[in-house]
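Here are the chains, one letter per residue:
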Amino acid sequence: MPGDEEVLAAFERHLMLERGRSAHTVRAYLGDLAALRSFLLARGIREAPVPAGGSTTGTGMTAERAERDDPGEDGVPGERALLLEAQLADLRAWLGDQARARRARSTMGRRAASVRTFYAWALGTGRIDRDPAIRLAAARPNRTLPTILTTDEAAATLSAAAIAADDDDPIALRDRAILELLYATGIRVGELAGLDVDDVEPADRLVRVFGKGAKERTVPFGVPAGTALEDWLTRGRPRLVRADSGPALFVGARGRRVGQRQVRDVVHGALARIPGQPDLAPHGLRHTAATHILDGGADLRMVQEMLGHRSLATTQLYTHVSIERLKESYARAHPRA
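Everything numeric here is computed off the predicted structure, so don't read it as measured data.

## Here's the deal with the layout of surface pockets
Considered as a void within the structure, the second largest pocket measures approximately 230 Å³ in volume. Around the second largest pocket, the lining comprises 14 residues; the ones closest to its centre are Lys212, Lys215, Gly308, His309 and Arg310. At the level of elements, strand S3 (216-220) and helix H11 (300-307) are the ones that each hand at least two residues to the lining of the second largest pocket. Among the residues forming the lining of the second largest pocket, the class breakdown is no nonpolar, five polar and nine charged.

Rendered as structure tokens:
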């Protein structure tokens, strides 16, 4: 029988090729499963007796599939797939161990999601006969309200970027276009870094984005972002592209497609130039854009479509941000607040 290494390699291919998960998500899931396997080894899972012609106790694995190589002298199994032998009690014990180690609730939630996805896949591909994670529950992560920029802070940041681009430096033109597009559309940093020139329709002020799960959506942007993009495409990008630059919309000083780290540096640097501004990552501009759009009266489902959220519950977080901002404004302005 294939061991854990081969099983995890097949699961990795499933996540990337069939589920379209990002490289970051795949690494996180595989890391969670590696942590689970280490826990199972320490817990001392040993092969359960296999009834003749039957299934192993608790795992639902057939006798044929339960055949294992003998453990070596150190007691560590050879080609056993320990992950496929885990029972619900093992998974609960693992999450309990994580809780005692004071892992963040968000981490606990992701790890539970990782094992649920893995065992659902293992069941669907015939590697197990019963899913031990089907009744596995984990605490929901705390929903903290994100830090965002006020409209004045956002305007000051973008004005400073426009002033910096006045001298026609190609990097400054690029940075202004990046900031304007992030704030105008609320797209994710990975989505922005992956944009090609043909993904932008300047005349209609639309950008085609490939989001999580390789899902495509079209997002509008406004006049300022359109102006910044036109300046970048006509006066900035042609001075940086090289023969091997390809179709990348945003490139660096050496003509290569910008990476997510470069975009983060652009955002942090722009906010640091304005005294008193909160230090946000690009995702902070996504939160800011969503909140400002809702504050302006946009429909919640329109914002869901714009952001590429699968669940409306995720988008509803921004309504709470808007309510908190309303309460703060009320407290400052009403004489009897």
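Following the structure, the description resumes.
## Quick word on the packing of aromatic side chains
Both the distance between ring centres and the angle between the ring planes are used here to describe each pair of aromatic rings. Applying the stated criterion to the full structure yields five aromatic pairs. Relative to Phe250, the ring of Trp232 has its centre 6.1 Å away and its plane inclined at 25 degrees; by these criteria the two rings are stacked. Remark: Phe250 occurs in the loop between helix H8 (223-236) and helix H9 (260-272) and Trp232 occurs in helix H8; sequence separation between them is 18 residues. Taken together, the aromatic side chains of Phe11, Phe118, Tyr119 and Trp121 make up a single cluster linked through ring pairs.

## What about empty space enclosed by the protein?
The final tally for this structure, using the stated rule, is one cavity of 30 Å³ or more. The volume enclosed by the largest cavity comes to roughly 50 Å³. Surrounding the largest cavity, Leu149, Ala154, Thr157, Leu158, Leu179, Tyr183, Leu271 and Leu285 form its lining. Tallying contributions element by element places helix H5 (residues 151-164) first for the lining of the largest cavity, with three residues. Along the lines of polarity and charge, the residues of the lining of the largest cavity split into seven nonpolar, one polar and no charged.

## What about unusual backbone geometry?
Look at Arg102: it is not a glycine, yet its phi comes out positive at around 60 degrees. Within the secondary structure layout, Arg102 lies in the loop between helix H3 (88-100) and helix H4 (105-124). A residue is classified by how much of its surface remains accessible, and Arg102, at 77% relative accessible area, is exposed. Of note in this structure, Asp168 is not a glycine but carries a positive phi near 70 degrees. Mapped onto the secondary structure, Asp168 falls in the loop between H5 and helix H6 (170-185). The exposure class assigned to Asp168 is partly exposed, which follows from its relative accessible area of 26%.

## Considering the sheet that holds strand S1 (residues 200-201)
Across the sheet, three strands lie side by side as S1-S2-S3; this open sheet has antiparallel pairing. Each of the sheet's edge strands pairs with one partner strand only, and the pair in question is S1 and S3. Bridging between S1 and strand S2 (residues 206-210) involves two bridges; their strand directions are antiparallel. Each residue of the ladder has a partner; that of Glu201, found in S2, is Leu206.

## Description of the nonpolar core
In terms of nonpolar packing, the biggest core is built from 39 residues, with Leu179, Leu182, Leu192, Leu229, Trp232 and Phe250 touching the most fellow members. If you list the elements that add at least two residues to this core, you get H5, H6, helix H7 (189-193), S2, H8 and H9. Top element by residues in this core is H6. It accounts for seven residues. Once residues within four sequence positions are removed from consideration, Leu229 is found in contact with Ala177, Leu181, Val200, Phe221, Leu249 and Phe250. Phe11, Leu30, Ala81 and Leu91 belong to the second-largest nonpolar core, a separate cluster that totals 32 residues.

## Quick look at H4
If you check H4, its first and last C-alpha atoms are 29 Å apart, about what 20 residues at 1.5 Å a residue would give, namely 28 Å. Looking at H4, one finds that the buried residues are Met108, Gly109, Arg111, Ala112, Ser114, Val115, Thr117, Phe118, Tyr119, Trp121 and Ala122. Contact partners of the buried residues in H4: helix H1 (4-18), helix H2 (23-43) and H3. Of the residues one or two after H4, Gly126 is the one with positive phi, at around 80 degrees.

## A closer look at a positive patch on the surface
Side chains of Arg19, Lys212, Lys215 and Arg310 sit close together on the surface and give a patch of like positive charge. Among the secondary structure elements, Arg19 is positioned in the loop between H1 and H2.

What counts and what doesn't
Residues numbered from 1 in each chain as written. Predicted model: local features only at pLDDT ≥ 70, side-chain atom pairs only at ≥ 80, totals over all residues. Heavy atoms only, no water. 1 Å grid on protein atoms, 1.4 Å probe; cavity = no way out; pocket = protein on both sides within 12 Å on 5 of 7 lines; lining within 4 Å. Points joined across faces, edges and corners; volume = space filled by probe spheres on them. Helix = DSSP H or I, 4+ residues; strand = E, 2+ residues; numbered from the N terminus. Nonpolar A, V, L, I, M, F, W, Y, C, P; charged D, E, K, R; others polar. Phe/Tyr/Trp six-rings, centres within 6.5 Å; stacked < 30°, edge-to-face > 60°. Buried < 20%, exposed > 50% of the residue type's maximum accessible area, 1.4 Å probe, protein only. Pairing = 2+ DSSP bridges. Core = buried A, V, L, I, M, F, W, Y, C linked by side-chain atoms within 4.5 Å. Contact = heavy atoms within 4.5 Å. Expected span 1.5 Å × (residues − 1). Patch = residues over 30% accessible without salt bridge, like charges linked within 9 Å, V, L, I, M, F, W, Y side chains within 5 Å. Areas by Shrake-Rupley, 256 points an atom, 1.4 Å probe, with all protein chains shown as cover. Salt bridge = Lys/Arg side-chain N within 4 Å of Asp/Glu carboxyl O. Lys, Arg positive; Asp, Glu negative; His and termini not counted. Charge placed at Lys NZ, Arg CZ, Asp CG, Glu CD.

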